[in-house]
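Commentary on secondary and tertiary structure
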Amino acid sequence: MSWSTGFRQKLLSPTPGAPIFLVRPVVFGDSPSSQLAIASHDVFGMTDLIAADALGRPVVSIVGQEVNTQTWTSVVGAFSFDIRGPVGMVLASWVRGLPLELMMGFAGWTEDRYQRISFGMLKGLRRSGLAEQYTVECWDIVAGLESRMSMTTAQAQLFYGVSAATTVKAGNDYAAGNSSLHVTSPTGFERQNGGTYLMKVTPDSGDDFYLTATGLTVDQFTGAAGGALGTTDGDAAAGNAVTEMAYLKGNPADIYRRMLTSTGTAAANGSFDVYPKSWGYGIPHDMIDPDIARVKSVALGASLVYHWWTTEGVANGFSWIQDRLSNAGIWPCIHEGQLSLRAGQNPNASTLWHSGITINDDDVVSLIEHDLWDTEHAIEYSQLSVPNLSGLKNSTVEAKSSLPSQPWTTLNGTTAFLPTPNWWNTNEATDVTDRLSAWYTRVPERIGVRCRGWRLMGLVPGDIIDVDLPLLVTTKRDRNGFRATTGRAMVTQVSPSMVEPITDIAFKMLPDYAGQ
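Residues numbered from 1 in each chain as written. Predicted model: local features only at pLDDT ≥ 70, side-chain atom pairs only at ≥ 80, totals over all residues. Heavy atoms only, no water.

**Some points on the sheet that holds strand β25 (residues 391-394)**
In a beta sheet, neighbouring strands are held together by backbone hydrogen bonds and run either parallel or antiparallel to one another. Spatially, β25-β24-β27 is the arrangement adopted by the 3 strands of the open sheet, whose pairing is mixed. Bordering the open sheet on either side are β25 and β27 (409-410), each of which pairs with just one other strand. Where strand β24 (residues 384-388) and β27 come together, 2 bridges link them in parallel fashion. For serine 385, the partnering residue across the bridge sits in β27 and is threonine 410. (Pairing = 2+ DSSP bridges. Helix = DSSP H or I, 4+ residues; strand = E, 2+ residues; numbered from the N terminus.)

As structure tokens, this is what we get:
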């Protein structure tokens, strides 16, 4: 669930009061489980193990995720909290990898009013010095997508169930162009609920080819179409191998939500629970951010269709997902304690998804850094090219304002966009070019500010904000010299201090025009 109105009002207050924190295990699927919840204060019958500093403030820390605006990969975030010894109760109940939620509330609140501000997995327990005090370190749950949330060894890998194999049935050879494929046994072949089967066929001679099918009757795949995924349809004789492939097709925001929630039982965990069990994580649907729908419809566009596939289990699920999303400037994130998604946008574009937030001089306590030429952008390019089925989708050639420079750079979309004439992807390539080209043809400034209060702690990397800081910061965004920092920016990192109401924000601002 997104944060409540009452919680948001507290964050908006310049004097919200001392927070109270709860850390509670989250149990789902075959993940590690525990009944031990702890707190920073004596509330709700929980053990108040969370330690305080010399001023009595709970020692709780959040390090925000940071996105790279060239590779569109991210350094995942983390949270930690100190606990008082002895730690026997924790060691007896918690194990590494246990899903934990960090909840925040205030004095006088009932437990149901507390809001999740972070969601992660137990990473480590560390002691420094002689004091009987330990730091509990947790990854964001995004990093936890490396493996499925299962303590069953055989089910740890994403797509662990993609292993079915059979042969073309005797007396039922397949000829190129046939609309059905008869197999010896279809046992184990899986697809999205109501979706399309995908399989690899290995003929006696010639190259393997991929085949899709829309139905299965006893031993016959129906609605078959050979030559999928850029392969060439061929003939296959009795006894030729037919191998299962996982096939994920749709808008990237939808594919992501399906993977997060799917349990293998259609709709058991919300409307996006449509994949076989081994294709998903089974994360409770109420821990998925509803804002993903707006990312899909506004930042990306609802009509985009991506095609992902694999022939085997994946050792690192997070890397597999990130590799496919980053090619299109998209990344997983945590927003308001829920799994979410963001996409790179040009802050100066006329149409975009805006957070509705403005940072002004009243917010800022101090300037942390101001990098006039963002060091992540080592080269300035004149043009961005994105592969598509018609060749390359090229952005407008832009003038250069710095060195080193190169005529163009290319984003490789082949793992995210289907490289085959069967499915045209000009629409997808155009979307990427429109959203991302300015991040390659112009060198942004990177600005970090420390802001008072927790008003901004709900922002995440990728959110577009308005910046109005005429008193504190000047920029190079004018040909005639420096000018006040005003305009739009894209957030790249948010790290709130939970010891006192302060939030550090890093954002990037693009020049208004080429050569600026």
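Next comes the rest of the account.
**As for helix α3 (residues 252-261)**
In terms of burial, α3 is a largely internal element, 10 of the 10 residues being buried. If you check which residues of α3 are buried, you get Pro252, Ala253, Asp254, Ile255, Tyr256, Arg257, Arg258, Met259, Leu260 and Thr261. Those residues of α3 hidden inside the fold are in contact with β17 (241-250), α4 (292-300), β18 (306-310), α5 (317-326), β19 (330-335) and β20 (338-343). One side-chain oxygen of the residue at the start of α3 lies 3.0 Å from the amide nitrogen of alanine 253, identifying that residue as asparagine 251. (Buried < 20%, exposed > 50% of the residue type's maximum accessible area, 1.4 Å probe, protein only. Contact = heavy atoms within 4.5 Å. Polar contact = N/O pair within 3.5 Å; in protein donor to acceptor, adjacent residues only side chain to side chain.)

**Quick look at the pairing of β18**
Of all the 5 residues making up β18, 4 are buried; the element is thus mostly covered by neighbouring parts of the structure. Here β17 pairs with β18 via 5 bridges, running antiparallel. Across the sheet, residue glycine 250 finds its bridge partner in β18, namely tyrosine 306.

**Points about the side chain of glutamine 338**
Within the secondary structure, glutamine 338 sits in strand β20. Ignoring anything within four residues of it in the chain, the contact list for glutamine 338 reads Met1, Ser2, Arg116, Asp286, Met287, Ile288, Asp289, Pro290 and Cys333.

**Observations concerning the packing of aromatic side chains**
Summed over all chains, the structure comprises 15 aromatic pairs. A network of ring pairs unites the aromatic residues Trp3, Phe7, Phe44, Phe106, Trp109 and Tyr114 as a single cluster. The positively charged end of lysine 10 is found above the aromatic ring belonging to phenylalanine 106, 4.9 Å away from the centroid. (Phe/Tyr/Trp six-rings, centres within 6.5 Å; stacked < 30°, edge-to-face > 60°. Lys NZ or Arg CZ within 6 Å of the ring centre and 35° of its normal.)

**Remarks on α4**
Each full turn of the α-helix corresponds to 3.6 residues, which orients residues three or four apart in the same direction. Considered for burial, the residues of α4 that qualify are Ile292, Val295, Lys296, Ala299 and Leu300. Looking straight down α4, one finds its buried side chains confined to an arc of 120 degrees; they lie on one side. For α4, the elements touching its buried residues are α3, β19, β20 and α6 (426-436). Once α4 finishes, glycine 301 follows within two positions and takes phi at roughly 115 degrees, a positive value. (Arc of directions from axis to C-beta.)

**A short note on the pattern of salt bridges**
All chains considered together, the criterion is met by 23 salt bridges. With a shortest N-O distance of 2.7 Å, aspartate 254 and arginine 257 are connected by a salt bridge. Residue aspartate 254 and its partner arginine 257 are located together in helix α3, separated by 3 residues, close to a single helical turn. Salt-bridge contacts for arginine 455 lead to aspartate 363; the nearest nitrogen and oxygen are separated by 2.7 Å. (Salt bridge = Lys/Arg side-chain N within 4 Å of Asp/Glu carboxyl O.)

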